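Next come the chains, spelled out residue by residue.
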Amino acid sequence: QVQLVESGGGLVQAGGSLRLSCAASGRTSNMYSMGWFRQAPGEGRDFVAATSWSGGPTPYADSVKGRFTISRDNSKNTVYLQMNSLKSEDTAVYYCAAVRTWGVISPRVSDYAYWGQGTQVTVSS
């Protein structure tokens, strides 16, 4: 099993920045790639960004390109999401998730086997 714990959420004014962290523990060798998703009230869970532990492409949702950056620290089994120029529409619960299948870096919720509990990000306008 893999456990994922997000942190770093909070309340920020529009135009501000936050950095989310996702710490992985347990059978981390089971993880190939990591993703960030978000879910606003009454909405579905949407893809934000993804990366693999071994490098390669880092896809982003169009809505966050140029503002958000995903990165990882393999030595700490931690993935980060740096969020700049935040907008009110970025308000959501942010989740990190892990893919178990080798070679998959995916925007699809269904490809992810492990999920964190989420962290709230609220952007005030």
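As the structure is a prediction and not an experimental result, all values here were calculated from the model.

## Side note on the nonpolar core
So, point 1. Core analysis: the biggest nonpolar cluster contains 34 residues, and Leu4, Trp36, Leu81, Met83 and Tyr94 have the highest contact counts within it.
So, point 2. When contributions to this core are tallied by element, the ones reaching two or more residues are strand 1 (2–7), strand 3 (18–26), strand 4 (33–39), strand 5 (45–52), strand 6 (68–73), strand 7 (78–83), strand 8 (92–99) and strand 10 (119–124).
So, point 3. Looking at which element gives the most residues to this core, the answer is strand 8, with six residues.
So, point 4. Excluding residues that lie within four positions of it along the chain, Tyr94 makes contacts with Glu6, Leu20, Trp36, Phe37, Arg38, Val48, Phe68, Leu81, Met83, Gly118, Thr119 and Val121.

## Notes on the sheet that holds strand 6
So, point 1. As summarised here, the arrangement of the four strands in space is 1-3-7-6, forming an open sheet in which the pairing is antiparallel. Of all strands in the sheet, those with a lone pairing partner are strand 1 and strand 6, marking the two edges. The average angle at which neighbouring strand axes cross in this sheet is 15 degrees, direction not considered.
So, point 2. For strand 1 and strand 3, the ladder comprises six bridges, and the chain directions are antiparallel. Across the sheet, the residue bridging to Gln3 is Ser25, located in strand 3.

## As for the side chain of Ser21
So, point 1. Looking at where Ser21 falls in the secondary structure, it is placed in strand 3.
So, point 2. Relative accessible area serves as the criterion here: at 17%, Ser21 is assigned to the buried category.
So, point 3. Setting aside anything within four residues of it in sequence, one finds Ser21 in contact with Val5, Glu6, Ser7, Trp36, Thr78, Val79 and Tyr80.

## Section: the pattern of salt bridges
So, point 1. Inspection of every chain in the model, using the stated rule, returns four salt bridges.
So, point 2. In this structure, Asp90 engages Arg38 in a salt bridge whose closest nitrogen and oxygen atoms are separated by 2.8 Å. Of the two residues, Asp90 sits in the loop between strand 7 and strand 8 while Arg38 sits in strand 4, which places them 52 residues apart along the sequence. As far as burial versus exposure is concerned, Asp90 and Arg38 are alike and both buried.
So, point 3. Asp111 serves as the salt-bridge partner of Arg108, at 2.9 Å between the closest nitrogen and oxygen.

## Comments concerning the side chain of Thr119
So, point 1. Within the fold, Thr119 resides in strand 10.
So, point 2. We classify Thr119 as buried; its relative accessible area is 11%.
So, point 3. Polar contacts involving the side chain of Thr119 include one to the main-chain amide nitrogen of Gly9, which spans 3.2 Å.
So, point 4. Ignoring any residue separated from it by four or fewer positions in sequence, one finds Thr119 in contact with Glu6, Ser7, Gly8, Gly9, Leu20, Ala92, Val93 and Tyr94.

What counts, and where the lines are drawn
Residues numbered from 1 in each chain as written. Predicted model: local features only at pLDDT ≥ 70, side-chain atom pairs only at ≥ 80, totals over all residues. Heavy atoms only, no water. Core = buried A, V, L, I, M, F, W, Y, C linked by side-chain atoms within 4.5 Å. Buried < 20%, exposed > 50% of the residue type's maximum accessible area, 1.4 Å probe, protein only. Helix = DSSP H or I, 4+ residues; strand = E, 2+ residues; numbered from the N terminus. Contact = heavy atoms within 4.5 Å. Pairing = 2+ DSSP bridges. Axes fitted to C-alpha atoms, helices over the stretch in contact; angles between N-to-C directions. Salt bridge = Lys/Arg side-chain N within 4 Å of Asp/Glu carboxyl O. Polar contact = N/O pair within 3.5 Å; in protein donor to acceptor, adjacent residues only side chain to side chain.

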